[in-house]
Amino acid sequence: MFNVDQLWQTRFSQYIKDTRRYLRYMFNDHLVIVMIFLLSGLALAYQNWLEVVPPDFPYALLMGTVLALLMTRGSIHTFLKDPDLVFLLPLEEKLKPYIKKSFLYSILLESYFLLLVFGVSVPLFFTLTDATLQTLISVLLLLLGMKSWNLWMTWLINFYTDKKVRLVDWWVRLALNFGLLYLVFSEASLLFIGIVVVMMLLLLIYFQNATKKMNWKWDLLIENETKRMQLFYRVANLFVDVPGLKEKVKRRKWLDVILSWTPYSKDKAFDYLYLRTFLRSGDYFGLYLRLLIIGAVLLLTLPVGYATYLVPVLVLYLTGFQLIPMWRHHYNKLWLSIYPVQEKHRILAFTKMITVILISQTIILAALLVFVATWVEVVVVLVGGIIFAFLYVQGVVKRKIASL
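Residues numbered from 1 in each chain as written. Predicted model: local features only at pLDDT ≥ 70, side-chain atom pairs only at ≥ 80, totals over all residues. Heavy atoms only, no water.

(A) Layout of the overall build of the chain. Scanning the chain for helices and strands turns up 15 helices and 0 strands. In the chain, the share of contacts with a sequence separation of at least 24, taken over all contacts with a separation of at least 6, comes to 82%. (Helix = DSSP H or I, 4+ residues; strand = E, 2+ residues; numbered from the N terminus. Contact = heavy atoms within 4.5 Å.)

What follows is the structure in structure tokens.
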């Protein structure tokens, strides 16, 4: 006999087992050490900044925007799989307890990251306002309630097949989330806060009634769950091979000009292959951009000092370390073995590309430092970054790829 509780427990256990297995490789000793140094430096800089933060700092606008985006994103983790479209479709009515458990788990998981971001801003919150511990607890409960509202609204909107409905819903919820959070953090009148809360409740009641007789959109639910797991697998694939990862290629036509820089010759075959892989396959180029943006933001916001030299090194280290798995990106493609190219050309092509990538990051970060630091500090970062790139590739990347 079908047991819905047992089904959810099995799916949840399998999900925890899979994620735990890859997290063990992702949070290795090297990354943990880097994170400890980075977080320690950021915490020290944050503490120093709190002593000089201006009273008119736009805290309500900043946290309203950041938390509203975190509130609006996300959906219920259903753990549904492709075969469910056949085997569970007739049992849709019996799956309500399954969705309730998934909803509760999703609240815990999504709220964890939400409260973590808010927790970082709490010292600033107390510095700029006259908030008490009771106020803080009230805000935390409000955030949990808002996240629950957003998750259930997302579930209800998934009953609609029209993409425009989901798009409009996303923007409406973003506006309501921002409005409520901005009013709360700016200590506005309870009347205005109450009006926004009533609007959110009325919206929930309307869609709850409108979707009562609608059926699940199984294709959409399974697609969303697949995308969620593939995102996790792509991140994990930066640290270890993931068999369950489905390759995703993006055209990125605007980057074709970079490919033209590679000469057309036999010994440059792997130069072209790895460069094209970096630009189009997986999430390598996205990783490069994200780390570059994070480094740029830190350099432009943190006080000039130790962070000026530490941030570029950390960005280069993380970029180089997480691009090493690209060496095995074409591991299962047997046609590479028939290339009439010696192995030394492959090694040279890969290490040269990683070196160029790291040097390009160094040049961009050094150029941004011109706006906040002296020329001496800019030159130190530029020269130091280039030296670090060469030493890291020759000392670490070569050794790593030899063992893969």
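(B) Geometry of the environment of Leu69. By the element assignment, Leu69 lies in helix α3 (residues 59–72). Residue classification places Leu69 among the partly exposed residues on the basis of a relative accessible area of 41%. With 109 residues separating them in the primary sequence, Leu69 and Phe178 have C-alpha atoms 8.2 Å apart. Those residues in contact with Leu69 that sit more than four places away from it in its chain are Trp170 and Leu174. (Buried < 20%, exposed > 50% of the residue type's maximum accessible area, 1.4 Å probe, protein only.)

(C) Here's a closer look at the pattern of salt bridges. Following the criterion strictly, the structure yields 9 salt bridges and no others. One salt bridge in this structure joins Glu93 and Lys96, with 3.9 Å as the shortest N-O distance. Residue Glu93 shares its accessibility class with Lys96, and that shared class is exposed. Overlapping salt bridges bring together Arg73, Glu110 and Lys147 as one network. (Salt bridge = Lys/Arg side-chain N within 4 Å of Asp/Glu carboxyl O.)

(D) View of the packing of α3 against helix α7 (residues 163–185). Look at α3 against α7: their axes get within 8 Å of each other, and the N-to-C directions meet at 145°. With respect to the hand of their crossing, α3 and α7 are arranged in right-handed fashion. For the pair formed by α3 and α7, the contact residues are Tyr59, Ala60, Leu61, Met63, Gly64, Thr65, Leu67, Ala68, Leu69, Met71 and Thr72 on the first element and Trp170, Arg173, Leu174, Asn177, Phe178, Leu181, Tyr182 and Phe185 on the second. When grouped by side-chain class, the residues that make up the contact of α3 with α7 number 14 nonpolar, 4 polar and 1 charged. (Axes fitted to C-alpha atoms, helices over the stretch in contact; angles between N-to-C directions. Left-handed = near helix turned anticlockwise from the far one by under 90°. Nonpolar A, V, L, I, M, F, W, Y, C, P; charged D, E, K, R; others polar.)

(E) Representation of unusual backbone geometry within the structure. One non-glycine residue with positive phi stands out, namely Phe79, at about 60°. Summarising the element assignment, Phe79 is placed in the loop between α3 and α4 (84–87).

(F) Up close: the packing of aromatic side chains. Across all of its chains, the model carries 26 aromatic pairs by this definition. For the pair Tyr15 and Phe79, a centre-to-centre distance of 5.0 Å together with 50° between the ring planes defines the contact as tilted. Of the two residues, Tyr15 is situated in helix α1 (residues 4–26) and Phe79 in the loop between α3 and α4; the sequence distance between them amounts to 64 residues. For Tyr15, a relative accessible area of 14% gives the class buried. Taking relative accessible area as the criterion, Phe79 reaches 5% and is therefore assigned buried. Ring geometry for Trp170 versus Trp171: centroids 5.0 Å apart, planes at 85°, classification edge-to-face. The exposure class of Trp170 is partly exposed, given its relative accessible area of 28%. (Phe/Tyr/Trp six-rings, centres within 6.5 Å; stacked < 30°, edge-to-face > 60°.)

Just geometry here; none of it tells us what the structure is for.
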